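Below, each chain spelled out in residue letters.
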Amino acid sequence: MDKPSHLSVIIDLSPTQWALCAQSTNPPGVSLHTFLSQLLAFLNAHIACKDENTLAVFGALPGQSALLYSSTGEVTARDDEPTDPNTYRPFKTLDSTVMKSLAERLESLEGAAEEVPIGLVGCLTKALCYINRITSNTATSPSGGEGAAASVDPRILMLSVSPDQSSTYIPIMNSIFSAQKLKVTIDVCKIFGAENVFLQQAAHLTGGAYVQVEKTDALLQYMMMSFLPPPAIRQLIAVPTQDRVDFRAACFCHKRIVEIGFVCSVCLSIFCQPVPVCSTCRTKFPIKTLQRLNASRPLAVPGSTPGTPARPLAQRNGTSTPATPRPG
């Protein structure tokens, strides 16, 4: 008998990015209202697949993260509408709670002079803590037998419209390692914008699926076919996979995404240029080592961002060496 599945959904609620997505014509975008209607249909399908399935919905808003809905009843919304006998009660409770919680959060953002980065990392850590709690409660419950912690198949679905935030590289990677330890699959659905490097790595390292939506009018079909089946069933069906993964990292000094970095041999911190002292573990490096690293740095490309090394022209024995130009 298949195990019940827990799904934590993280919604990117950046007002600026959703406004750009709604105005986009090439590729065609989607409005936030249309997206939410398709998302609610997907969430209803998840809880309808199995009676024991659980759900948690988190919202990543500018500068904050919030729990919008939980199957355990932690978030409740007052329902003043009359009961409809033709409506399945759990569906109505889910829809009304998510929409009212979302409306309250968005109203609190009105009047903000400047939009701050969204709380994506906060949502990811809250989702992992929520999963760790429900699996721990299952393991310690008297009714749960041996191996009860493994009786729930947890996963996280991230719906993103915002670009990479290089300043969040370290906490995102820590969250990915925590998800690996908890055996939590992270799926990513990129609805608008360029591909997200860090979320690509999150899906790849946890065995999840990364899907770049090309036709927004088929968003519900993307979610149903790619993210509705739990990881145990995906072994029997064809799930979209990544042809290539961008493994670039962000330097610890300037928080920029770099293609070539210098790694501290003690704490593995990444820097875009050789430094005499590691800012993380305070390790001092010999002068000869700095001179050798500076001599092996690739030539800077005119117009490139300061502090970001260019791609090497040739690599020999692990050392970047510029290729010798041939005479014309």
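Residues numbered from 1 in each chain as written. Predicted model: local features only at pLDDT ≥ 70, side-chain atom pairs only at ≥ 80, totals over all residues. Heavy atoms only, no water.

## What to know about the pattern of salt bridges
Here comes step 1: In the structure shown here, the tally under the stated rule is 2 salt bridges.
Here comes step 2: The salt bridge partner of Lys50 is Glu52, with a shortest N-O separation of 3.9 Å.
Here comes step 3: Note on Lys50: relative accessible area 13%, which makes it buried.
Here comes step 4: Put simply, Asp187 and Arg234 hold a salt bridge, and the shortest N to O gap is 2.6 Å. Here Asp187 is found in strand β5 (residues 185-190), whereas its partner Arg234 is found in helix α8 (residues 231-234), with 47 residues between them in sequence.
Here comes step 5: Given a relative accessible area of 0%, Asp187 falls into the buried group. (Salt bridge = Lys/Arg side-chain N within 4 Å of Asp/Glu carboxyl O. Buried < 20%, exposed > 50% of the residue type's maximum accessible area, 1.4 Å probe, protein only. Helix = DSSP H or I, 4+ residues; strand = E, 2+ residues; numbered from the N terminus.)

## Focus on the packing of aromatic side chains
Here comes step 1: By the definition in use, this model includes 4 aromatic pairs.
Here comes step 2: With a centroid separation of 6.4 Å and an interplanar angle of 80°, the aromatic rings of Phe58 and Tyr130 are classed as edge-to-face. Taken as a pair, Phe58 in strand β2 (residues 54-61) and Tyr130 in helix α4 (residues 120-140) lie far apart in primary sequence, 72 residues in all. Note on accessibility: Phe58 and Tyr130 belong to one class, buried.
Here comes step 3: Between Tyr88 and Phe91, the aromatic rings sit 4.8 Å apart at their centres with planes inclined by 85°, giving edge-to-face as the arrangement.
Here comes step 4: A residue is classified by how much of its surface remains accessible, and Tyr88, at 47% relative accessible area, is partly exposed. (Phe/Tyr/Trp six-rings, centres within 6.5 Å; stacked < 30°, edge-to-face > 60°.)

## A look at the packing of helix α5 (residues 169-182) against helix α6 (residues 197-205)
Here comes step 1: Two elements in contact, α5 and α6, have axes separated by 10 Å at closest approach and are oriented at 10°. Taken as axis vectors, α5 and α6 run roughly parallel relative to one another. Relative to α6, α5 is oriented so that their crossing is right-handed. Contact residues: Tyr169, Ile172, Met173, Ile176 and Gln180 in α5; Phe198, Gln201, Ala202 and Leu205 in α6.
Here comes step 2: In terms of residue class, the contact of α5 with α6 is built from 7 nonpolar, 2 polar and no charged. (Axes fitted to C-alpha atoms, helices over the stretch in contact; angles between N-to-C directions. Parallel < 35°, antiparallel > 145°, perpendicular 65-115°, else oblique. Left-handed = near helix turned anticlockwise from the far one by under 90°. Contact = heavy atoms within 4.5 Å. Nonpolar A, V, L, I, M, F, W, Y, C, P; charged D, E, K, R; others polar.)

## With respect to the side chain of Asp187
Here comes step 1: In terms of polar contacts, Asp187 uses its side chain to reach the side chain of Arg234, at 2.6 Å.
Here comes step 2: Look past the residues within four positions of Asp187 in its chain and what remains in contact with it is Arg155, Ile156, Leu157, Met158, Gly208, Ala209, Phe227 and Arg234. (Polar contact = N/O pair within 3.5 Å; in protein donor to acceptor, adjacent residues only side chain to side chain.)

## Here we look at the pairing of β5
Remark: a regular strand shows side chains that alternate across the two faces of the sheet.
Here comes step 1: Extensive coverage of β5 is indicated by the burial of 6 of its 6 residues.
Here comes step 2: Neither face of β5 is exposed, since Thr185, Asp187 and Cys189 on one face and Ile186, Val188 and Lys190 on the opposite face are all buried.
Here comes step 3: Bridge count for strand β4 (residues 153-160) against β5 is 6 bridges, and the pairing is parallel. Paired with Ile156 across the strands is Ile186, a residue of β5.
Here comes step 4: Traced from β4 through α5 to β5, the parallel crossover comes out right-handed.
Here comes step 5: In this sheet, strand β6 (residues 210-212) lies alongside β5 in parallel orientation, the contact comprising 3 bridges. In the strand pairing of β6, Val188 is matched with Tyr210. (Pairing = 2+ DSSP bridges. Right-handed = clockwise from strand over helix to strand, strands pointing away.)

## Observations regarding a nonpolar patch on the surface
Here comes step 1: Taken together, the side chains of Phe177, Leu205 and Phe247 present a nonpolar region at the surface, about 290 Å² in accessible area.
Here comes step 2: Inspection of the secondary structure assignment puts Leu205 in helix α6. (Patch = residues over 30% accessible without salt bridge, like charges linked within 9 Å, V, L, I, M, F, W, Y side chains within 5 Å. Areas by Shrake-Rupley, 256 points an atom, 1.4 Å probe, with all protein chains shown as cover.)

## Quick notes on the environment of Asp217
Here comes step 1: With respect to the helices, strands and loops of the structure, Asp217 is situated in the loop between β6 and α7 (219-226).
Here comes step 2: The sequence separation of Asp217 and Gln38 amounts to 179 residues, and the corresponding C-alpha distance is 9.8 Å.

## Considering helix α3 (residues 89-108)
Here comes step 1: For α3, which comprises 20 residues, the first-to-last C-alpha distance of 29 Å matches the rise-based estimate of 28 Å (1.5 Å per residue) to within 8%.
Here comes step 2: Buried residues of α3: Lys92, Leu94, Ser96, Thr97, Val98, Ser101 and Leu102, and no others.
Here comes step 3: Against the buried residues of α3 lie α2 (32-49), β2 and β3 (64-70). (Expected span 1.5 Å × (residues − 1).)

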